[in-house]
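Notes for the structure review
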Amino acid sequence: MKLVGAVAGAGIGCAWWVGLIGRLARTVARGGEAMMSVAKMVRPVKPVRPAKLMALAGAALVAAGTTLVSAAPVAALDPIGGSGSSCLFAGQGSASMRPLVDGLVGAVRVNGQAVLCDLGQSGTVPGLRPQTCAQYANSTAGRAVLLQSMAAGDGCVQFAWSSALDLSAAGGVSGALTYIPVGRDAVTYAVTDNSDLPRTLTVADLKAIYTCDAGYVGAGPAYTVHPLLPQAGSSVRTAFEAAVGITDADVVGGRYPCVSDTVGGGLQAVAENDGRVLSQSAVVPYAVSAYLAQIGQAVADHRGRAVLGSYDGSTPVGHDGGAGDVTFAVSSRSSVPRELTMADLRAIYTCDSNYVGTPGAVGIEPFLPAAGGAGSVRAEWESLVGISDVDVVAGKYWCLHDSLNGNPVGENDGRGLPGDGVVPMSGAAYAAQLSGGAIDHRGLAVPGVIDGRVQLVNTDTGSAAAGRWLVVPTGALGASPGRDLFVGSGSGVCLETEVIQRFGYGVGMGVGVDAGCGDVSRRTL
C-alpha cells in the first residue's frame, strides 16, 4: 500500500477564554493524563476562587451570538457608530478574514479614535440612515459591494478585504482599486494526533487520497481512509481543491465517492476549520491562520484532536524567536486565561494569594519542570519571573510544585497539566511537537501569550501559501487618512503585527507578495 511508504518516511492580545465567566462560577475537578509516566490523578474540588483569578475572568469578552473575541489591546471591538468610532473606512469582505479585520478594527487608532469598522457587524455607518447601507451588510463579496457602493456614491463601503488577488478591470476605470497585502496564509491538511495517516505528505499523496486511489484509501465502499471537505462555498475547500488538483464540479458530481462533506452518516455538515469532525482515519483541509487563532483563542477553539500536516516541504507553524523561547502553558480546558502579563506571572510564581489562593483553597496552581533535568526551561523561567532556584528548593514558595503525585514534572511536557495548572514550556519545543518534528508530549497544553507576544506563528511559505488583501479605492490612498492607514510598512494597519499574528497570519510575505504589508503596487487593470 502506497500510504505505508509515506508513513515510514514521515517525521514525526487580550485573548480570553470564551465562556470563562460561566466556567468560573463552578468548581473544577482536577486531573488529566499522565505527565511523562505520572498516573492519572483525582484532584479535590476547589471551594473558592482567588479574587485576582475572578478578576481575570471578568475581562472575558463574550459576544452574544458570536464566538469572536477581540485580540486587540482595547476593552472591546468598536461597533459601527459606537463610542469612540468615527468610521472613516467601513469595510466588507470574506468571512474567513473577518476575525482579522475585526481585530484591526479594535486596534487601529487615529487621534485615539477607531476609524475602521466592519459593515457586517451592524449594517450601519455613522451619519447615514441604517436602511442606506443595509443592502451590503450580509455580503461576503467584498470587492463587488465596494464597487457597487462606489458607483452609487452612497458612502457605505470604503474598503474591502479578500483572500484572493483579482486585478481584473474594476468599475470601468483603470487602476480603480489597489490590493494591499496585510498578511500571508496557507491551507494545509489536518489529522488527529493519533491518526493512521502521517503528518508529512506530498501533493501527489494528497491528490491520490482525494481522488480515491485504492492504494491510499482502500477499496470502497468500506474505505480505510476518509477524506473530508468543508461544505460547498468554503474558501478553504476551494483553495485545497486547487492545491491538490481536483475540481469542485467533480466532487459534487460524485466522481470521488470516498470524499465527503458530511459526517455522522450524512447528518452533520463538515464546518470550515473544525477539527472535531476528525476520526483516526480521516483527513480534512485546514487554514493555518484558523488553527493558530484557535490555539490562542482569538476565535473559538474547534481544533479537537486535530494537528496540522505539511506537504511538499512546507512548515505550517513555527516559533517566533523574537518573543523569547520560554512561555507558559495552560490546559485547553483551563479556567486560567491564555494571555497574562509578566506581572501576573510573577505574582503567580511568588504565590500571591490573590492569584493562587491559600493552602486550604488553592486557585491557580504553578508548576516547574523537575530540578536536575538536562534542559534549561526551569532556569530560564525562574529568571523571567524573578525567583531563585535556591528559594524554590528551600520551600519559600509554598504553591510551587515540580512533581505530580510524587513523580517529576518533565520539561516541555504538558500531558498531565491540571485544569488550573500553569507550567513553563519552550515555544520552539512546542512548535516542534505540534509539527511532528519531535515526540508529542503536549497533551492538552496550549502556549500562553505574555504581554501580547505570541509564540507560535504562521511560517508556511509553501506552494499553497498566498497573500491576504485589503482592497482600497486607489484615489483614497494619496492623502490622509487613507495614506496613513494603509500605505507602507509604517501605516496604521501594518504596524499591528501582533494583531495580525494573533489571528494566525504570517507577516513575512513571500509567495508573490514580497513587497510586504502596505505595498500599493498592485492595481486593477
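The following paragraphs examine the structure supplied in this document.

Quick notes on the overall build of the protein chain
When you go through the protein chain residue by residue, the secondary structure sums to 19 helices and 26 strands. Looking at the 525 residues of the protein chain, the share that counts as buried comes to 53%. Accessible surface, the protein chain: about 20000 Å² in total, of which carbon and sulfur atoms supply 55%.

Points about the sheet that holds strand S14 (residues 326-331)
Pairing is mixed in the open sheet, where four strands are placed in the order S18-S21-S14-S22. On the outer flanks of this sheet lie strand S18 (365-366) and strand S22 (445-447), each paired with one strand and no other. Note: S14 against strand S21 (residues 421-426), four bridges, orientation antiparallel. Its bridge partner lying in S21, Thr327 is registered against Met425. Its contacts with the sheet place helix H15 (residues 377-385) against S14 and S21, and it is angled at close to 100° to S14.

Remarks on empty space enclosed by the protein
Taken as a whole, the largest cavity holds about 110 Å³ of empty space. Taken together, Leu292, Ile295, Gly296, Pro447, Gly448, Val449, Val454, Gln455, Leu456, Gln501 and Arg502 make up the full set of residues lining the largest cavity. Taken together, the elements giving at least two residues each to the lining of the largest cavity come down to helix H12 (288-295) and helix H19 (497-502). The residue inventory of the lining of the largest cavity, partitioned by class, reads six nonpolar, four polar and one charged.

Considering the packing of aromatic side chains
One pass over the structure, following the stated rule, counts seven aromatic pairs. Here Phe89 and Phe486 contribute two aromatic rings whose centre-to-centre distance is 5.2 Å and whose plane-to-plane angle is 80°, an arrangement assigned as edge-to-face. Linking Phe89 in strand S1 (residues 85-93) with Phe486 in helix H18 (residues 482-486), this pair joins segments that are 397 residues apart in sequence. Each of the two residues, Phe89 as well as Phe486, counts as buried. Geometrically, the ring pair formed by Tyr210 and Phe240 is edge-to-face, given 5.0 Å between the ring centres and 70° between the ring planes.

Quick notes on the packing of helix H13 (residues 342-349) against H15
Packing of H13 against H15 brings their axes to within 9 Å, and their N-to-C directions diverge by 110°. As the angle between them shows, H13 and H15 are arranged roughly perpendicular. Here H13 contributes Met342, Leu345, Arg346 and Tyr349 to the contact with H15, which in turn contributes Trp381, Leu384 and Val385. Of the residues that constitute the contact of H13 with H15, the class distribution is six nonpolar, no polar and one charged.

Notes on the pattern of salt bridges
This model, assessed by the stated rule, comprises 21 salt bridges. Across the salt bridge formed by Arg237 and Asp248, the nearest N and O atoms sit 2.7 Å from each other. With Arg237 in helix H10 (residues 235-244) and Asp248 in helix H11 (residues 248-252), this pair connects stretches of sequence that are eleven residues apart. For Arg237, a relative accessible area of 2% corresponds to the buried category. Across the pair Arg378 and Glu382 runs a salt bridge whose closest N-O atoms are separated by 3.3 Å. One end of the pair is Arg378 and the other is Glu382, both in helix H15 and four residues apart, which spans about a single turn.

Regarding helix H17 (residues 427-435)
Inspection of H17 places Gly427, Ala429, Tyr430, Ala431, Gln433 and Leu434 among the buried residues, and these make up the whole buried set. For H17, the secondary structure elements touched by its buried residues are H12, strand S11 (306-308), strand S13 (317-319), S21, S22 and strand S24 (456-458). Two to three positions downstream of the cap, the backbone nitrogen of Ala428 sits 3.3 Å from a side-chain oxygen, assigning the N-cap of H17 to Ser426. Remark: Gly436 follows H17 within two positions and exhibits a positive phi of approximately 85°.

Description of the pairing of strand S10 (residues 282-287)
Counting buried positions along S10 gives six out of six residues, so the element sits mostly inside the fold. Side chains Ala282, Val284 and Tyr286 project from S10 onto one buried face, and the interleaved Val283, Pro285 and Ala287 project onto a second face that is buried too. When strand S5 (residues 177-192) meets S10, the two strands line up antiparallel, connected through four bridges. Residue pairing in the sheet places Val187 in a bridge with Ala287 of S10. Inspection of the sheet shows strand S7 (residues 226-227) paired to S10 by two bridges, in the parallel sense.

As for the state of the cysteines
Per the counting criterion, the structure on display carries five disulfides. One disulfide bridge connects Cys494 with Cys517, the sulfur atoms lying 2.0 Å from each other. Between Cys494 and Cys517, the S-S torsion sits near -85°, and that sign places the bridge as left-handed. Taken as a pair, Cys494 in the loop between H18 and H19 and Cys517 in the loop between H19 and strand S26 (522-523) lie far apart in primary sequence, 23 residues in all. Sequence-ordered numbering of the bonded cysteines in the protein chain yields a pairing of 1-2, 3-4, 5-6, 7-8, 9-10.

Comments concerning the layout of surface pockets
Regions of empty space are outlined by a rolling probe, equal in size to a water molecule, passed over the atoms. Each pocket or cavity is described by its volume, and for the second largest pocket that value is around 410 Å³. In terms of lining residues, the second largest pocket is bounded by 20 residues, among which Arg303, Gly304, Arg305, Ser332 and Leu444 are the most central. When contributions to the lining of the second largest pocket are tallied by element, the ones reaching two or more residues are S11 and S22. Classifying every residue of the lining of the second largest pocket gives eight nonpolar, four polar and eight charged.

Reading the values: the criteria
Residues numbered from 1 in each chain as written. Predicted model: local features only at pLDDT ≥ 70, side-chain atom pairs only at ≥ 80, totals over all residues. Heavy atoms only, no water. Helix = DSSP H or I, 4+ residues; strand = E, 2+ residues; numbered from the N terminus. Buried < 20%, exposed > 50% of the residue type's maximum accessible area, 1.4 Å probe, protein only. Areas by Shrake-Rupley, 256 points an atom, 1.4 Å probe, with all protein chains shown as cover. Pairing = 2+ DSSP bridges. Contact = heavy atoms within 4.5 Å. Axes fitted to C-alpha atoms, helices over the stretch in contact; angles between N-to-C directions. 1 Å grid on protein atoms, 1.4 Å probe; cavity = no way out; pocket = protein on both sides within 12 Å on 5 of 7 lines; lining within 4 Å. Points joined across faces, edges and corners; volume = space filled by probe spheres on them. Nonpolar A, V, L, I, M, F, W, Y, C, P; charged D, E, K, R; others polar. Phe/Tyr/Trp six-rings, centres within 6.5 Å; stacked < 30°, edge-to-face > 60°. Parallel < 35°, antiparallel > 145°, perpendicular 65-115°, else oblique. Salt bridge = Lys/Arg side-chain N within 4 Å of Asp/Glu carboxyl O. Polar contact = N/O pair within 3.5 Å; in protein donor to acceptor, adjacent residues only side chain to side chain. Disulfide = S-S within 2.5 Å.

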